[in-house]
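An overview of the molecular structure
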Amino acid sequence: MYPFDSRKTQYKSAVRAIAVNERVKLRIIVPRSMRCCGAQLAVKKDGDGEDTVRYGMFWAGMCGSENEYWELHFYATTPGLYFYHFELDTPWGKNYIKNTGAGRGGFAPQAAEFQQTVFESGFKTPDTLKGGIIYQIFPDRFFSSGTPKSGVRKSRVLRRWGEEPFWDESQMNGVWNNDYFGGDLKGIEKKLPYISSLGVTCIYLNPIFEANSNHRYDTADYERIDPLLGSEEDFRSLCDAAKKLGITVLLDGVFSHTGCDSKYFNMYSHYDTVGAYNSKSSKYYKWYKFINYPDDYKSWWGIRLLPEVIEEEPSYIEYICGKNGILRKWLRAGAGGWRLDVADELPDVFLDELRKAVKEENENAVIIGEVWEDATTKTAYGKRRRYLLGRQLDSVMNYPFASAVLSFVKGGAASAFEDSVMSIVENYPPCVLHTLMNHIGTHDTQRALTRLAGPDTAGMGRRWQHQNNILSKADYEKGREMLKTASLLQFTLPGVPSIYYGDEAGMQGMKDPFNRGCFPWNDIDDELYKWYKRLGEIRRGCKAFVSGDIEFLYASGSAAAYRRSSAENSVLTAVNLGAEAVDIYVGGEWDNSYSFFGGACSGGVLHLNAGERALLSR
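The sections below set out a description of the structure shown in this document.

Rules used throughout
- Residues numbered from 1 in each chain as written.
- Predicted model: local features only at pLDDT ≥ 70, side-chain atom pairs only at ≥ 80, totals over all residues.
- Heavy atoms only, no water.
- Helix = DSSP H or I, 4+ residues; strand = E, 2+ residues; numbered from the N terminus.
- Rg over C-alpha atoms; globule rule 2.2 N^0.38 Å.
- Buried < 20%, exposed > 50% of the residue type's maximum accessible area, 1.4 Å probe, protein only.
- Contact = heavy atoms within 4.5 Å.
- Pairing = 2+ DSSP bridges.
- Axes fitted to C-alpha atoms, helices over the stretch in contact; angles between N-to-C directions.
- 1 Å grid on protein atoms, 1.4 Å probe; cavity = no way out; pocket = protein on both sides within 12 Å on 5 of 7 lines; lining within 4 Å.
- Points joined across faces, edges and corners; volume = space filled by probe spheres on them.
- Nonpolar A, V, L, I, M, F, W, Y, C, P; charged D, E, K, R; others polar.
- Phe/Tyr/Trp six-rings, centres within 6.5 Å; stacked < 30°, edge-to-face > 60°.
- Expected span 1.5 Å × (residues − 1).

**Some details on the overall build of the protein chain**
Looking only at helices and strands, one finds 15 helices and 34 strands in the protein chain. In terms of overall size, the protein chain behaves like a compact globule, its C-alpha atoms giving a radius of gyration of 26 Å where 618 residues would be expected to give roughly 25 Å. Each principal axis of the C-alpha atoms in the protein chain carries an extent, and together these give about 85 × 55 × 45 Å. Counting across all 618 residues of the protein chain, residues that qualify as buried make up 60%. Within the protein chain, contacts between residues at least 6 apart in sequence are counted, and of these 69% link residues at least 24 apart.

So, in structure tokens, the structure goes:
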């Protein structure tokens, strides 16, 4: 028994973030032998420079014959992060209960503080994503409709579908990311029935605006679809067709930088505008961070092709967030929201205005930020960020879950998996938690199958990755089973699973550009496809996946089991990654439950053979 556990309702009535003025009951359990004559909750609000505030707790009775309860109700009147511990008055002086790890309190004065996130009262996120499935598409590599395109630069290198992307400098004639395979918006529209068959409710598109690299993160014109992908009419048609299938389309907003080869910067004078590089009198000059004009300027991660934008500049904010700005233009064209590239590099003033613009245009539009860490504790621009407190983002890309799932399936400890999951559950507002973009692979990472079954890429260059890009038959078979387990966890944890195009087809790939291959339409792994399709069917039929609570019933060694619960139903997910069978006590209520797959429960005990997965519903 611990003196406190922030992840157990026995000690804390709400194992989650709370709203402003919402009360949460805190309880500690103190041994009678300590002869405690007083207890306080010590709280310090993050970033205010204020002193620690202490609140007296009241004695609340005995806990057995050797321990006693001390309790109080806490609430906060302003949003933010609140860090706390407990202080005890004893005949021997002060004693302290602090966080010794995994939310568990111990009598350890040098241990960490507990965290309580407090968000804006009334903060809510759109329901459109909850309970659904996201499908991420790298547009150039998904499917080509074969429709002729106009306005395409002759310098672009058009490749044959299915060839390996260029990865060596000698292949590129000095121009990186200039090889294209012809995937387009009409191609995506043609494949909507396939996407829908997976249960997908949202498509997230990597950048589609005119740019001069195949990844299109070097925006050249926010107002125009890249000619190789099609036209604005094609985009509107895609959104309309997707909507009829219950699918929304999210766009990738790259607002921390543009391309140097753009109508805004115009380094090479390819555009008929006066760019910032062309003249200090350019209307875009104030957007950029020139050090020694015109060739010395700040660029994203030092990449000269990507000059940084001053997001606080009023004319830039107006261009992106104004009444007739970029955000609203594409929402009016049919987009269902935005994923924000490097959101942690966008300042508060820009994110505040972005949210206002998006929500005024469509309150159900989604705003997802790229943040790789716990987004409640993220520090950038020299201060703690407030992405998830109610006035900026709806959601983030859930890299902590991705790391937790992949590490566990690769042989990590179940206890570490539980700790990583529950840390996010505890720190994030519930409305954010159930909107999280839960991926296990994206355009920025190795393919999930390769990361699970392939060799470690740490410190390895592109030549080595090229040589090790395809798994052996034995490793592929192993990876397929590992991917099934990883996707089961991904689909049943709080949040919205995000499939990176082709993972369900068995696509392999090391890091960029190997993870951005063409979809293998003539070589889909039917076993994996059917597995993902089944997971999609299960999600659609279980209300617990919309916003159900999560509780771990077991996490030890290489096995874990957790329950998702709602008023309508409960679902039990269990996996045993060990070499020996394991019996997990989950409770007698699961004895007559329906098994989607895996072992049945008897006498409250779920038996899992080595390597077995189970999914039960009641």
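What follows continues from the structure just given.
**Some words on the sheet that holds strand S5 (residues 58-63)**
Read from one edge to the other, the open sheet built from three strands follows the order S2-S6-S5, with strand pairing classed as antiparallel. The open sheet has two free edges, formed respectively by strand S2 (24-31) and S5, since each of these has just one partner strand. The sheet shows a mean angle of 30° between the axes of neighbouring strands, taken without regard to direction.

**Points about the layout of surface pockets**
The space that makes up the largest pocket amounts to roughly 1,100 Å³. Taken together, 35 residues make up the lining of the largest pocket; nearest its centre are Asn-177, His-215, Trp-300, Ile-303 and Leu-306. Among the residues making up the lining of the largest pocket, the classes are represented as twelve nonpolar, eleven polar and twelve charged. Estimates place the volume of the second largest pocket at around 720 Å³. Element by element, the count of residues in the lining of the second largest pocket is highest for helix H9 (residues 414-427), at six residues. When the residues that make up the lining of the second largest pocket are grouped by side-chain class, the tally is twelve nonpolar, six polar and ten charged.

**Quick look at the packing of aromatic side chains**
Summed over the entire model, instances satisfying the criterion amount to 53 aromatic pairs. Summarising the aromatic geometry, the rings of Phe-265 and Tyr-288 are spaced 4.9 Å apart at their centres and angled 75° between planes, so their arrangement reads as edge-to-face. Here Phe-265 is found in the loop between strand S17 (248-253) and strand S18 (290-292), whereas its partner Tyr-288 is found in the loop between S17 and S18, with 23 residues between them in sequence. Each member of the pair, Phe-265 together with Tyr-288, is buried. Aromatic side chains Tyr-500 and Tyr-501 sit 4.8 Å apart centroid to centroid with 80° between the ring planes, which places their arrangement in the edge-to-face category. Like Tyr-500, the residue Tyr-501 is buried in the burial classification. Members of the aromatic cluster, joined through ring pairs, are Phe-209, Tyr-222, Phe-235, Phe-255, Tyr-264, Tyr-284, Trp-287, Tyr-316, Tyr-319, Trp-330, Trp-338 and Phe-350.

**Here we look at H9**
Over its 14 residues, H9 runs 20 Å from end to end, which matches the ideal 20 Å to within 8%, given 1.5 Å per residue. Among the structural elements, strand S10 (114-119), helix H8 (399-409), helix H10 (430-433), helix H13 (473-492), strand S27 (549-556) and strand S28 (559-565) are those in contact with the buried residues of H9.

**Some thoughts on the sheet that holds strand S34 (residues 613-617)**
Reading across the sheet, the five strands line up as S27-S28-S29-S34-S31 and stay open at both edges, with antiparallel pairing between neighbours. Each edge of the open sheet carries a strand with a single partner, namely S27 and strand S31 (594-597). Each strand of the sheet is rotated relative to its neighbour by a mean of 20°, with strand direction disregarded. Bridging between S27 and S28 involves seven bridges; their strand directions are antiparallel. In the strand pairing of S28, Ala-555 is matched with Ala-560.

**Digging into unusual backbone geometry**
The omega torsion of the bond from Tyr-293 to Pro-294 falls at 0°, within 30 degrees of zero and hence cis. Take Pro-294: it is sitting in the loop between S18 and strand S19 (296-297). With an omega of 10°, the peptide bond running from Asp-512 to Pro-513 counts as cis. In this fold, Pro-513 is placed in the loop between strand S26 (496-500) and helix H14 (526-541). Phi at Asn-177 takes a positive value of approximately 55°, unusual for a residue other than glycine.

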